[in-house]
Structure formats: C-alpha cells, structure tokens
Amino acid sequence: MKPGTLLRHRELILVFAIVVLVALIALRFPAFILPRNLIRVFDDTAILAMLALGQMLVILTRCIDLSMAANLALCGMVVAMLNAAFPDIPIPLLIVAGMGLGAALGAANGLLVWKLDMPSIVVTLGTMTIFRGAIFLLAGGQWINAHQMSDSFKALPRNVFLELPVSTWITVAVIGLFALLMGRTPLGRAFYAVGVNPTASVYTGIDVGRTRFFAFTIAGMVSGLAGYLWVARYAVAYVDIAGGFELSIIAACVIGGVSIAGGIGTVAGAVLGALFLGVVNNALPVINVSPFAQMAISGAVIVIAVIFNARNERKRGRIILKKAEAEARA
Amino acid sequence: MNEVPQTPRTIPDRLESPFRSALKSWEALLIVVAVAIFIANSFASPYFLNPWSLSDATFNFTEKAIIALAMAMVIISGEIDLSVASIIALASTAMGFALQFGVDTPTLVAIGLFVGLACGAFNGALVAGFGLPSIVVTIGTMSLFRGISYLVLGDQAFRGYPSDFAWFGQGYVWWVISFELVLFLVLAGLFYVLLHRTNFGRTVFAIGNNPVAAQFSGIRVARIKFMLFLLTGLMSGIAAILLTARLGSTRPSIASGWELEIVTMVVLGGVAILGGSGSIAGVVIAAFIMGLVTFGLGLLNVPGIVMSIFIGLMLITVIALPIVAGKLRQQTSGAK
Amino acid sequence: MRLSSLRIAHFHKAQMTQPCLSLSGVSKSFPGVRALNDIALDLYPGEVTALVGENGAGKSTLVKILTGIYQPDAGEIRIDGTPISLPTALAAFEHGITAIHQETVLFDELSVAENIFLGHAPRTRLGLIDWRKLRAEAQDILSSMGAPISPQTRLKDLSIANKHLVAVARALSIEARIVIMDEPTAALSHKEIEELFVLIDLLKKDGKAILFISHKFDEIFRVADRYTVFRDGEMVGAGLMKETNEADLVRLMVGRSVEHVFPKLDITPGALVLNVSGLSHPTEFEDISFSLRRGEILGFYGLVGAGRTEIMQALFGITRPSAGTVTLDGRPALARDPAHAVDMGIVYVPEERGRQGAVIGLPIFQNISLPSLRTTSRAGFLRLAEELALARKYAGRLDLRAAALDQDVGTLSGGNQQKVVIGKWLATRPRVIILDEPTKGIDIGSKAAVHAFMSELAAEGLSVIMVSSELPEIMGMSDRVIVMREGRMAGEFSRTELDAETLVRAAAGIVEEAA
C-alpha cells in the first residue's frame, strides 16, 4: 500500500467502525438492527449530517462557522412563528423561506470574511450570539409550542413516503446535491483548491474570498433547512434549541476526516462522521449506558480523530515544509 | 512603509513619547467607553451608584476575567483554548466528588487547582507535543471534560460545601470589596508583569508574531506553548473554586458557554485574535466594560440574552472598524 | 513519443517572424530596491527564449509581472502588437500566459487530471463537470507527452519531475500561448531533464512561445533559440543563441556596470573552529565534510537547490542529519534544536528574512534582544534600558537606518531588516555565524554595509560561513569557496584560485573540455 492509501480509505474505516459498532450492539440487543430502528437512527442523524456537509464546505476553505446552530435556531423560530401566525402558508414555501433566511445569515458571515478579511472564528462567534439574541427579540422570549403549530407543519417530516420518512428523503436529497456540487461543479472543486493551496488558486484564477463567501452562504442555507426540520420534529421553538450543537457539527466533520487545515474532506466522510455520532448516541440508552456519557464519548472520539488525522497528514506536512523552503529559494 | 532615508546616525529609542502613544492606544479608547457606560448607567438607574450593588456587579465577571488573563496570553501566542469552561465543570465536579468523602477546604482547593492543571497539561501535550491545531483539540477536550462531569453527575448535583469554602466565592475582604475582586486584581497585576515585564512574556509575543522566526531565534516554542495551556488550566481551576464556592453547588452545566464570553472579553480588550499583540490592561478594562454593560442592562431589566447581542455586535464592530478604517485610508492615499 | 496531431494542426510556421509577446520600458521598484529598470523582452511563437541572469537580477519580478501578481510601475506589455494589462492572475491566465515554477505550484491533494483542468474543465450539456471526458483528455495529453502518469493519481504521490510533467500538461490543456519555465530543471535528474527537453520541443512545435529561465548553460544552449540577459534589473543583452557562446553569456551576466568594491580584508586564518565530517541526509545532501578556521569566511556557491541551505539548517538544528559529525572547538556540536545551536555559539541568518529571520510585528530593539534576553534581563524580568542599549550598540555598528528603535521591524527596507537579523545574532557573541544569501534582494547601500561588516567580524576572529548564489559576492568576500552541486560537494577553491567561469562550470557541472 502506498502512503496515503489509508487516508483515501478513511470512509471505509468509518463504515467498518459503524458496522462493528452496530454489530456489537445487535449481539446483545437484536432489536437494534431491525430496519425500522436503523431508519430511525438514520433519521435521527439526518439534521446533523446535513449540517456537517455545510460545515465541511466552510472548513475546506480554511474557515470555520460557529454560528450554524444559532442560525438553525433563528430560522426555526422564524418559520415556526410564520406558521403560528399564518397557518395557511404552504409548508414548502415556509421551507424555502427558512432556507432563504439561513442563506442570508450565512452570506452575512461570508461577506465579513470576504470583504473585510476578518478571521472567520471571530465573525461567527459574534454572529452566533447575535442570532441567538435576535430569536429572543423576535419571539419576545416566548416559546412556540406544539399546539401553536399547524398539524401539517409538524407532520411533514414524519410523513412516510416509500417506506421512509420525508425528512430522511430530504436528507438523502441534500446529500445527493452536495455530492453533485462537490464532484461535478467548478464551485465545488474551487472549495478544495482554495483549501489545498490558496496561492496556487489565485494563479489559477480562483477568487479565494468569493469562494469562501459561497461556502458560508451554502452552510447558512443548510442551517435554514435544518431549522425547519428541527422545529417540526421536536414541535417546539425557543431561544436555546440546538444549543451547543455547533460543536457536534464540527465533531462530525473531524470524525469524518475533514481536515481543519482545509482542503481535505469528502461528502461521504462528513455524512459517515455524523452517522457514527448518531449511532453512538442512539446506542447508549440501548446498551444501558447513561445517556450522559454521550458528551464524553464524542469528546474522546474528537480527540482521537484529530490525532489520527494528524498522523495521516504528517507526511503531507513535511512535504509542504520542504516545498515551502524550496519555493523561498526562488 | 516608512520612508526614512535621511535619519541621523543615532536612532532615537522611541518614535513618540510613551504618554502620546498611550493616549492613542486601544486601552485609552476602552477607558473612555467604560466611563461613558458608567455615566449612562448612573443616569439610567438610581440603584446603580450604590456601593453594594456595584460590588454585586463585580461577581458576574471576575471569574471569567481571571480566565481571560491567561486566555489573552494563549491567544497572543497564536493559539486558543475553548475548553476553559469545561475545565471549570470538571474541576468543580472533582471537588464535589471529593466532598462526598468529607475532605476539608484546603484539600478541596488543592483538588480544584490540580484538576485545572491536569486538564491544561492534557491540552498542552496535544497542542505542543503532537503539534495539533489548538482549536480542534480544545473543541474536543471541551466535550470530553464536561462530558466526564455529565458522566459522574448525570442530572444530579453536588451540594453541601463547607461554609469556610463558600468564603472564596461569597466573602468580603473589606467592606464591599469581595475576595473575588481582590484575587482578580492581584492576578491581573501578576499577569501584567508576566506578559509585559518578563522574558517569558516577550517570547509569547515573538511566537505569536512569527512562530518560525521565533524558533529560528532559539526559542523553544513547544515548551512555551505547553506552559501557556498549563496557565489557562490553572486559572480555570481557580475560577472553578470561586464559582463553586459562590453557587454552593456543582452541576455539570456549570459555566456553560463561558468560553465564548471569555474569548469575546479578550478580543474586546484589544488582543489580536490571530496572535501577536495585546495587553493585560486592555483585557482588564474590557472585563469591567462587559461587567458594567451586563449590570446596567440588568438594572433596566434587559434580559441576558439581549445583552449577548450587544456583546456580539461589539466583538464584530471592534475588529471590523480598524480594518474598514485601514481600507479607507488606503483608498484615499491611493487616489493621490 | 507520439504527438497529438490535432493540437499541432493549429499552428503554422509562417507566423514565427512576429513576437507574440513583447515588453518595452517595463520598470518595477520596491521600497529601497529597483527590481526592474526599463526592461525590454520579446517572445516568439514556436521559439524558446532563455532568460539569463544572476539571482537578484530581476527574473522573478518579471515572472510575477507576466503572471499578473505584480503590477509594473511603467512600461508596456503587448500581445500580438496590442497593448494589454495584467491586473490579476486571472487576466494573465485568460491571455494565455502560464508559468511552470521552480517548485511546481499546484494542488497536492487533487488528482492529476484535475490539476490539469482546474478552472477550465470540460462540461456536460447541463453545465456539470464531465469527468469522463476530463480524464480522457488528460490521458490524451499525458500520453501525447509520453508521460507515464495515470490521470487518477493524486498529485502528492508524484515525484517532482512528474509534477513538472503535469504542469506542462496543464499548459498544453489551457491552450496557453506563452509558457514561462522558471528553473524547471532545478530539482530534476539527468534523465528527467532529457524528458523535459522532449516536452519543450513538443511545446515549440505546438507554437507556444517559451520563456526559459535557467542557470545551467548546457541546458540553455541545448533548448534555447534566443537569449536575453538581465543584470541588476536591467536588460544588458539579447540575441540569437547561434550567434553567441558560453563565455560571452557569462561575461554579460557577471560583468558589473556599477563596480562594487568588496571590502575584504586579508586575514590569516587562525585555529580550527568548526569541523564537519561526513554529514548526510536521506534526501537533501550527502557526505559533506569541511572545516572552518578562526577569522575565516567560507563561501558556499552553487545553483539554487544544490542543498546548501539544507546543510546550514542541519548545522543550526532545524533538520536532523542521518549521519556525520560536527565539532566546535573539538567538542561534539551537532545541534538538537536552534536553541541548542545558539547556546553553543552557532547562529544562522536565514535566507527567508520575512518568514524565518525577522519577527515582523515586534519592534527593532526587541528583535535584536530576542536571543539575548537571558543577558539583558535580571532573574527573568526584562530590563528595557539594557535591551535598548544592546539594540543601540548594534544598530550603530551596522549603520541601521530607522526612525526609532521601537519601530516595527516590518516597516524597514529589506536591507535594514537584514541588519537587524545580523545584529540580533552578533549580540549573542557567537563563535560561528552562518549567512544564507545575506544580500539577496537588498539595496546596494545595505549590501555594502553588510559586506563591510562581515569583513570586520572576520577580522575580529569570528568564523563566517556565507551561502551565496551571487558570483561577485562569493568571489569578493570568501577566503575559500566550496561549490555544491545536487547535494554533494563539487569542488573547493582557495581565494587565489577563484575565477568566475571556473565556479560557474563547477556548479553547473560543465566538463572542462567543452570550453
């Protein structure tokens, strides 16, 4: 095996890890692998998976978006309020509105990063608190509860279509669109180019800032979609929904092999990273481990994944170092 | 670029007098802001100027500010530690756990400090030893440390801390001057000396400006970074003692979200988020500003969450303004 | 080698008389340095023009102007007689100008096929990237070049030579009209260089105008049709290769318009200070042995990429050699890390001033005192007065030009930054100072100051190693010169034996009989 083969088969390792995990649980609790339950687990992970895809774009371009969960909460609140106030608005229109709002919020992040060259971590740290505060102002600190939402609003994600819930179908569609974006469009390839080598990207005629702007906008749009799904699924909207979820999103990416240094990451990896966390979270109650162990486990998994990623990237790092020095000899 | 073709042989030590450069500094601006908020607050509420309520106001930021002192140094060195609030949770949980065995107050304090240091050493080893990016490492340990607290406590809480322990978080040294405030001011003084008056502090600035050149200048960069993470760990341990003593209980959700407030405090204090510059004075004033804003808005019955909008806007504006100003200056000079 | 006949059909030999790219009056200055002055250059389709000049002659600046990275202060760039401007890299790309750099700047994590087609990938009717077509076209181009590379390979798994092939393939794929090759052979083996020449022929037949930058005369005479010589940012000669010879080119390249006087003092080298024996590294250098005496200036000459910097960084504890010994005053002195090297008295002024030398962002005096903090401080506490005194002393000795000692070192010109870096090390009172390209990219005045100071230091008993690619500097300043080629020592010359052509020949590996 050539060096780097392992990295390329990162997705296989994850699939293997997930299968082993599921198999171990099934040995003691066969009910876990009933199709119905597996669908439930996937559905449970759906929101995390699509958010991880959005975050992946941003991380690929050497940025980070800490505001995704707050964006999700704000969009979720807005669609919930719209639904409560105007129950007649068709749900698909609400979803589009949520996505539009999310994209606008993401674009705000992107503009600050692009036009002002601000570090993304500061920008999104700021917008994260602003978005949360905005929810409070909008709703006056009130909750939007299940009884205020129309039935169709709550039911849409759970409706079963061809054996699978609609929310699962939406996630599958999102994954498909991301695969298309990353694999088949110049913009998708530009995300990689910018992360692998920003200088060479400039020489190739790619605008680094603009590419980052699109990454943030798309991440925002996904957050908007996830906002609706979250609120409809849990049938409640308030300031703190998805609190702390931004870290789970980053964790899914890191576990999925997305390099925080940019340029490395795949759609399959991010989805599998989310799925891994989803399986762990769903398995804990089944195997009688306190659900409170969730956080410690995901923390440990992140640390291990980071070390693992670094070991894989180390060769790359050395090559780059040598190269950087040789370049400077020019 | 400064064009200085015709300078005399003897180069002056300073471009301008320390007094003049102090006037133009970020810290001076922060002081003006702080005074303005203070005055606005005293107009806004009749309760504000009461010494006891002012004293109460200090409690809501001193613990964060203590961590911010060490965080400032970490950020100046070009790294970040997002796990500080989780270290508080873990240290507090460890103290609560030890309490079940009836240990005395000095032991509780020692446990709090030790857990803080151990967490810092763990972060430091991963960042400095393995050369991993601190932002992901500390996002991971952030879940890990707090996760352990959740694992131990679930939805329970540790209570029943001894009354002499409570003094750390509730006691007063003199009249309205709390122990927390005094400790913060003493630590601020120590950190000022450490960052601005010692070789160690100087190397932190050098590393933050250019880690490669620092290493090429014979500085052991990894060692310094490790020590900086130890410091944030230790300060988080201290904050854990103060906060636990003040609340009188430990829940795993203790101090959640603090890491972001602390980073905001540091950045507001003029520390460059990408490293290389900043001052302890700025961070201290920023801590007071955030305390005053929170307290003032609280007096006006503005909910905490809305204050976070102010803080978020402040964070972005504070960083964006110099950039925008720089761009405008560039444009006008380019037009000539 | 099979040629894609389709590609060549576009080109008609009749067009060759007019230059397709022509520069006139192009100038470019940086603070303190005039990089290019009133340059003229013509490139003809289907021809290779060699750009010859020493390091610092302005070649890199020219490449950056042609690729849209730098904007010229004055002058005109014409393509087919029409004046154009190249405000961005994208504009250069759209005008069909592409550069193959010394170390090919491409995307390590992406596939070969994608590296070739990034930015202009074939699309399906729906506007999506057509990978099948892309891979097929990449395969076509690669096989037309006879390159044994699979389009699916990730770039980082290729050797540097093969990365060059990919860069050439990219140039072919974008229908570039002008291909700039900036020291393309620096990191290649002989066999790989031969293969590159075949490719250059291919590009020529395809009608590309090629700007070929190289220090190696055998290569220039092999591939070039025309030449242009730069010296100190000026064009000093141009013509057809068949009307010139090696000796003339070397003379044009080395001769000085402004006679630079090297203040080298005659010294009698003292006791043995540093001894290096059998120093080797798996990929960078092999079997390096030399000694250095008290008061001696030892020059290291060679082409870019000959392994000189790597050896020096091994002595300074940055890279770890795999074999060999280093002794300082008879004691083992293989540095574990730079801090250890500094403690022993070996200091290094790196070539990359901005990245490795000066701590941009810190004031001048703090840069100077940084490695000496232990002596300027008391019990770990800074003493500003001591630091400023130290800085004042060395700023004075080095004739530093600055407004104040608390000025950010980044606001200084390159030459003054270099003085700060040298001052920083002298303040530690070293035994051996290694200077890597000490006067690269700095103005004439600072150059003279640095040279004068080197002489003074050597006279005071400091041992100096100077890595330089500038012949006059090497010849003017060294007591002894070691010539490096491809990571090995290619010759050692004492001051009396120094002669420009001998050194150039040794560095380029030109055999004596060829002259």
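See the structure above.
Treat the numbers as computed from the prediction; the structure is a model and nothing was measured. (Residues numbered from 1 in each chain as written. Chains lettered and ligands numbered in written order. Predicted model: local features only at pLDDT ≥ 70, side-chain atom pairs only at ≥ 80, totals over all residues.)

Another point: the overall build of chain C. Counting secondary structure elements, chain C contains 19 helices and 20 strands. Taken over the C-alpha trace, chain C has a radius of gyration of 25 Å; the compact-globule value for 515 residues is 24 Å, and the two agree within 12%. When its C-alpha atoms are laid out on the principal axes, chain C stretches across 75 × 55 × 50 Å. Taking all 515 residues of chain C together, the buried fraction comes to 53%. (Helix = DSSP H or I, 4+ residues; strand = E, 2+ residues; numbered from the N terminus. Rg over C-alpha atoms; globule rule 2.2 N^0.38 Å. Buried ≥ 20, exposed ≤ 12 C-beta atoms within 10 Å, placed from the backbone.)

Attention shifts here to the interface of chain A and chain B. Contacts between the two partners involve 40 residues from chain A and, on the opposite side, 39 residues from chain B. At the level of secondary structure, the elements contributing two or more residues to the side of chain A that touches chain B comprise helix H6 (120-139), helix H12 (245-255) and helix H14 (293-328) of chain A. Looking at the side of chain A that touches chain B element by element, the count peaks at 13 residues for H6(A). Here the side of chain A that touches chain B is composed, by residue class, of 30 nonpolar, eight polar and two charged. (Contact = placed C-beta atoms within 7 Å. Nonpolar A, V, L, I, M, F, W, Y, C, P; charged D, E, K, R; others polar.)

On to the sheet that holds strand S19 (residues 480-485) of chain C, then. Residues and elements named next belong to chain C. In spatial order, the strands read S16-S17-S18-S13-S19-S20; together these six strands make up an open sheet with mixed pairing. Among the strands making up the open sheet, the edge pair consists of strand S16 (346-349) and strand S20 (488-494). The average undirected angle you get between the axes of adjacent strands in this sheet is 20°. Sheet topology places strand S13 (residues 297-302) next to strand S18 (residues 463-467); four bridges connect them, and they run parallel. Paired with Leu298 across the strands is Ile465, a residue of S18. (Pairing = 2+ DSSP bridges. Axes fitted to C-alpha atoms, helices over the stretch in contact; angles between N-to-C directions.)

Further remarks concern the sheet that holds strand S9 (residues 226-231) of chain C. Residue and element names in this part refer to chain C. If you trace the six strands from one edge of the open sheet to the other, you get S6-S7-S8-S3-S9-S10, paired in mixed fashion. With partners counted over all chains shown, the strands left at the sheet margins are strand S6 (97-100) and strand S10 (234-240), one partner each. Each strand of the sheet is rotated relative to its neighbour by a mean of 20°, with strand direction disregarded. Note: strand S3 (residues 48-52) against strand S8 (residues 209-213), four bridges, orientation parallel. Across the sheet, residue Thr49 finds its bridge partner in S8, namely Leu211. With respect to the sheet, helix H2 (residues 59-66) is in contact with S3, S6, strand S7 (178-182), S8 and S9, its orientation differing from that of S7 by roughly 150°. Each of S6 and S7 is contacted by helix H6 (residues 160-173), which is oriented at about 175° to S6, the strand it contacts most.

All names here are of chain A. Relative orientation of the contacting elements helix H5 (residues 91-115) and H6 amounts to 145°, with a least axis distance of 9 Å. The two elements H5 and H6 meet at a crossing, and its hand is right-handed. Taking contact as the criterion, the partners of Leu105, Ala108, Asn109, Leu112 and Val113 in H5 are, on H6, Ser120, Val123, Thr124, Thr127 and Phe131. A class-by-class count of the residues in the contact of H5 with H6 yields six nonpolar, four polar and no charged. (Left-handed = near helix turned anticlockwise from the far one by under 90°.)

Let us now look at the interface of chain C and chain B. Each side of the interface is counted separately: chain C has 35 residues, and chain B has 30 residues. Broken down by secondary-structure element, the contributors of at least two residues to the side of chain C that touches chain B are helix H11 (338-344), helix H12 (353-357) and helix H15 (384-397) of chain C. A per-class count over the side of chain C that touches chain B returns 21 nonpolar, nine polar and five charged.

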